[in-house]
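Here is what each chain is made of, one letter per residue.
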2 protein chains.
Amino acid sequence: MDQALTIAELISSGKQYYLPSVSIDNVIFGFHENQLKVLLLQIRSSDNWGLPGGYVFKEEEIEDAAVRVLKSRTGLQDLFLQQFYVFGGTKRVTKEILKPVFKAIGTELTDESWLMNRFISIGYYALVEYEKVTPYPDELSTQCTWHDLNNLPGLILDHKEIIDKALETLRIQVNHQPIGYNLLPDEFPLKSLQLIYETILGRKLDRGNFNRKILGYGILEKKQKHYSGGAHKAPYLYSFLKEDYFNALKTGLKKDF
Amino acid sequence: MDQALTIAELISSGKQYYLPSVSIDNVIFGFHENQLKVLLLQIRSSDNWGLPGGYVFKEEEIEDAAVRVLKSRTGLQDLFLQQFYVFGGTKRVTKEILKPVFKAIGTELTDESWLMNRFISIGYYALVEYEKVTPYPDELSTQCTWHDLNNLPGLILDHKEIIDKALETLRIQVNHQPIGYNLLPDEFPLKSLQLIYETILGRKLDRGNFNRKILGYGILEKKQKHYSGGAHKAPYLYSFLKEDYFNALKTGLKKDF
DNA sequence: TTATTATTGTGTCATTATAACACAATAATA
DNA sequence: TATTATTGTGTTATAATGACACAATAATAA
């Protein structure tokens, strides 16, 4: 699942290039139309979707592998991937799922293929600015598109569980991660940031209290007004003061305990 | 590194039993004499110490493997292991470290041994009640003892990094983990719980404020007084109300954001 | 031109949480 | 009986939180 290898090569001789038993799955979150989205690939020959994942070269750092895999399967690059969990179930990969996929691209996968072995999968997540992304699918997939978190399609293997775990991790680490920094454009209204926090935390926040609190951290800079075209008062735009933001995150936006 | 296999078998035919490329390392925290401790094995033939780790059987769930490995290397069982990170560096295992270890137990390890391959290691941590533990070392180790976190001996591979990461994870998740539940005996004075929080958070807490706060969560039950023998007032002992405690942890002891 | 609508920026206020310190009570020892 | 160390609890100032209020203001409709 790397650009350097064709599918045929992957099947026939992937074993000699890749680290056995280890795979990567990336959960990419985006924010658009006031909703948190996740990037999925439609598996060729099926109605099922999957996360952009792949394998690790024998002499490659796993983080580098996560970055490379994501680029080759979706075209995305220059984003901050964060490892969050390992999915190690013995029943993760089944031939019922893999065989039709490879058949659809004109290749036969035998029971003896190294791809049919057990793989544990290292989960990475990233938050990306939706507008900056033009994902394109690889050979194995027919589509690469954003999906609403509340309305996911059928997912292969344990990918639903992986997405849920990524979101849970994000929730627990909400005060230690640069939530809005990567999900929003350079300039944005406070309401957008509030909606992201509400989605991640799974509850409504009071607008006034949210504004005062987030501004109180001293990590935002007020910019010009934004005339949205709606029949209402125009909000000010803000941008992150990157240095102050990352300094504040070191100890957490709110102290623990 | 399992009881069913001898060291000789591990070297000669481990490859056919174990999942390639994947290993486990356990960080076991204990609390004794008002200090947070970590359990280490002294590597035979050296002054270096290491975490109790091992390998995963081909058809074994990784969590089961973590439990089995810990039992076989230290004798510990019935504790709650929590996965926290994967260490995937390409340079983790070096022959300079492994060879002398196996030589010391009378076995030669060649460059071609499967043990010399690259392994990524899945980190698990557990909090255990110090008094309930009688660790004993396995064949590869001369000692299995507790070490003060502030005074660690020389550690092999990236085990220092693994311990640091475990502690950092614990710190971030402090409001979502049953911190004291596993580290303390059934009944304990509030001061002991306070010291654990102070160690994990790395700062002093005010006694009065801590008492009021922790009691305010309604997760502790007051028991009889404990006459310690010291020249001072005797503290009350407390025990956790297990059900209430775990319910409170679901949303976190303190709400995020 | 004026009224209507939706949303913004900011204000208020009661409640709760936090931090820092105070002090009497009390086991054991001198 | 005095001393010592530590406990349970109290006080007070400051800060954070949650719930709601209301005038200001873009765009649209009357």
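Residues numbered from 1 in each chain as written. Chains lettered and ligands numbered in written order. Predicted model: local features only at pLDDT ≥ 70, side-chain atom pairs only at ≥ 80, totals over all residues. Heavy atoms only, no water.

Draft legend 1. Seen up close, the protein's contact with DNA strand C. Residues in close proximity to DNA strand C total 23 residues, the closest being R207, H232 and Y236 of chain A together with K225 and H232 of chain B. Looking at DNA strand C alone, sugar and phosphate atoms form 49% of those within 4 Å of the protein. Between DNA strand C and R212 of chain A there is a distance of 3.0 Å, counted from a base oxygen to a side-chain nitrogen or oxygen. Of all the elements in the fold, those that place two or more residues in the surface near DNA strand C are α7 (207-216) of chain A together with α7 (207-216) of chain B. (Near = heavy atom within 4 Å. Polar contact = N/O pair within 3.5 Å; in protein donor to acceptor, adjacent residues only side chain to side chain. Helix = DSSP H or I, 4+ residues; strand = E, 2+ residues; numbered from the N terminus.)

Draft legend 2. Representation of the packing of aromatic side chains. Residue and element names in this part refer to chain B. Scanning the entire structure with this criterion turns up 34 aromatic pairs over all chains. Considering the side-chain rings of Y18 and F57, the 4.9 Å spacing of their centres and the 5° angle between planes classify their relative orientation as stacked. Placement of the pair is Y18 in strand β1 (residues 18-32) and F57 in strand β4 (residues 53-57), with a sequence separation of 39 residues. Take Y18 and F57: they sit in the same class, and that class is buried. Arranged with centres 5.9 Å apart and planes meeting at 70°, the rings of W114 and F119 form a pair that is edge-to-face. Judged by its relative accessible area of 3%, F119 falls in the buried class. Here K222 stacks its cationic end above the ring of Y236, 4.2 Å away from the centre of that ring. (Phe/Tyr/Trp six-rings, centres within 6.5 Å; stacked < 30°, edge-to-face > 60°. Buried < 20%, exposed > 50% of the residue type's maximum accessible area, 1.4 Å probe, protein only. Lys NZ or Arg CZ within 6 Å of the ring centre and 35° of its normal.)

Draft legend 3. Region of the structure containing the protein's contact with DNA strand D. Taken together, 22 residues sit near DNA strand D, with K213, K225 and H232 of chain A together with R207 and Y236 of chain B positioned nearest. Each atom of DNA strand D within 4 Å of the protein was classed as base or backbone; sugar and phosphate made up 49%. R212 of chain B has a polar side-chain atom sitting 3.1 Å from a base oxygen of DNA strand D. Separating a phosphate oxygen of DNA strand D from a backbone N or O atom of Y236 of chain B is a distance of 2.8 Å. At the level of secondary structure, the elements contributing two or more residues to the surface near DNA strand D comprise α7 of chain A together with α7 of chain B. When the residues that make up the surface near DNA strand D are grouped by side-chain class, the tally is 6 nonpolar, 6 polar and 10 charged. (Nonpolar A, V, L, I, M, F, W, Y, C, P; charged D, E, K, R; others polar.)

Draft legend 4. Layout of the pattern of salt bridges. Residues and elements named next belong to chain B. By the definition in use, this model includes 13 salt bridges over all chains. Among the salt bridges present, the one from K99 reaches D111, with a minimum N-O distance of 3.0 Å. One end of the pair, K99, is in helix α3 (residues 95-104); the other, D111, is in the loop between α3 and β6 (120-128), with 12 residues separating them in the sequence. Exposure remark for K99: the relative accessible area of 29% places this residue in the partly exposed category. For D111, a relative accessible area of 41% translates into the label partly exposed. (Salt bridge = Lys/Arg side-chain N within 4 Å of Asp/Glu carboxyl O.)

Draft legend 5. View of the environment of I196 of chain B. Residues and elements named next belong to chain B. With respect to the element layout, I196 can be found in helix α6 (residues 190-201). Taking the C-alpha atoms as reference points, I196 and F119, 77 residues apart in sequence, are found 33 Å from one another. Residue contacts for I196: discarding those within four places in its chain leaves F31, I179, L183 and L184. (Contact = heavy atoms within 4.5 Å.)

Draft legend 6. Representation of the sheet that holds strand β10 (residues 236-240) of chain A. Residue and element names in this part refer to chain A. Taken together, 3 strands build an open sheet; the order of strands is β8-β10-β9 and the sheet is antiparallel. Since the sheet does not close on itself, it has two edges, and those belong to β8 (188-189) and β9 (220-225), each with one partner. Here β8 runs beside β10; their pairing, made up of 2 bridges, is antiparallel. Directly across from F188, in β10, lies its bridge partner Y238. (Pairing = 2+ DSSP bridges.)

Draft legend 7. Focus on the relation of the copies chain B and chain A. By a simple turn and slide, chain B fits onto chain A: the slide is 0.0 Å along the axis, the RMSD is 0.1 Å, and the turn is 180°. Within this description, the copies of the chain are treated as partners about a two-fold rotation axis. Taken as a fraction of all interface residues of chain B, those also at the interface in chain A reach 100%, which identifies the copy contact as same-surface. (Least-squares fit on C-alpha atoms with pLDDT ≥ 70 in both.)

Draft legend 8. α7 of chain B, seen in detail. Its side-chain oxygen placed 3.0 Å from the backbone nitrogen of G208 of chain B, D206 of chain B serves as the N-cap of α7 of chain B. Positive backbone phi, at 65°, marks G218 of chain B, one or two positions downstream of α7 of chain B.

Draft legend 9. Representation of the nonpolar core in the model. Counting residues in each nonpolar core, the largest one holds 47 residues, and the members touching the most others are I28, L81, I120 and I122 of chain A together with I28, I120 and I122 of chain B. The contacts of I120 of chain B, once residues within four sequence positions are left out, are L19, V22, I62, I120 and I122 of chain A together with S21, V22, S23, V86, F87, G88 and R92 of chain B. Formed by 43 residues, the second largest nonpolar core is a distinct cluster that contains W49, F84, I162 and L220 of chain B. (Core = buried A, V, L, I, M, F, W, Y, C linked by side-chain atoms within 4.5 Å.)

Draft legend 10. Region of interest: the interface of chain B and chain A. Counting residues at the interface gives 39 residues for chain B, matched by 39 residues for chain A. Carbon and sulfur atoms supply 58% of the area that chain B and chain A bury against each other, a total of about 3,200 Å² over both sides. At the surface where chain B touches chain A, the tally comes to 0 salt bridges. When contributions to the side of chain B that touches chain A are tallied by element, the ones reaching two or more residues are β1, β4, β5 (82-87), β6, α4 (159-172), α6 and α7 of chain B. When residues in the side of chain B that touches chain A are grouped by element, the largest group, 4 residues, is from β1 of chain B. Taken together, the residues that form the side of chain B that touches chain A break down as 19 nonpolar, 8 polar and 12 charged. (Buried area = accessible area lost by both parts, 1.4 Å probe.)

Draft legend 11. Spatial organisation of the packing of α6 of chain B against α7 of chain B. Residues and elements named next belong to chain B. Between α6 and α7, whose axes approach to 10 Å, the crossing angle comes to 100°. Here α6 lies roughly perpendicular to α7, going by the angle between them. Along its contact with α6, which presents L190, L193, Q194 and Y197, the element α7 presents R207, F210, N211, I214 and L215. For the contact of α6 with α7, the class distribution of residues is 6 nonpolar, 2 polar and 1 charged. (Axes fitted to C-alpha atoms, helices over the stretch in contact; angles between N-to-C directions. Parallel < 35°, antiparallel > 145°, perpendicular 65-115°, else oblique.)

Draft legend 12. Just the domain arrangement of chain A, in detail. All names here are of chain A. Domain assignment breaks chain A into domain 1 (7-172) and domain 2 (187-251). If you average the C-alpha positions of domain 1 and of domain 2, the two centres end up 32 Å apart. Listed by partner, the interface residues are 5 residues for domain 1 and 6 residues for domain 2. A per-residue breakdown of the area domain 1 buries against domain 2 is headed by F31, L36 and R171, which together make up 69% of the total. One can count 0 salt bridges joining domain 1 with domain 2. If you look at where domain 1 meets domain 2, you find 1 residue pair in polar contact (both at pLDDT 80 or more). Considering only residue class, the side of domain 1 that touches domain 2 consists of 3 nonpolar, 1 polar and 1 charged. (Domains from an automatic or database assignment.)

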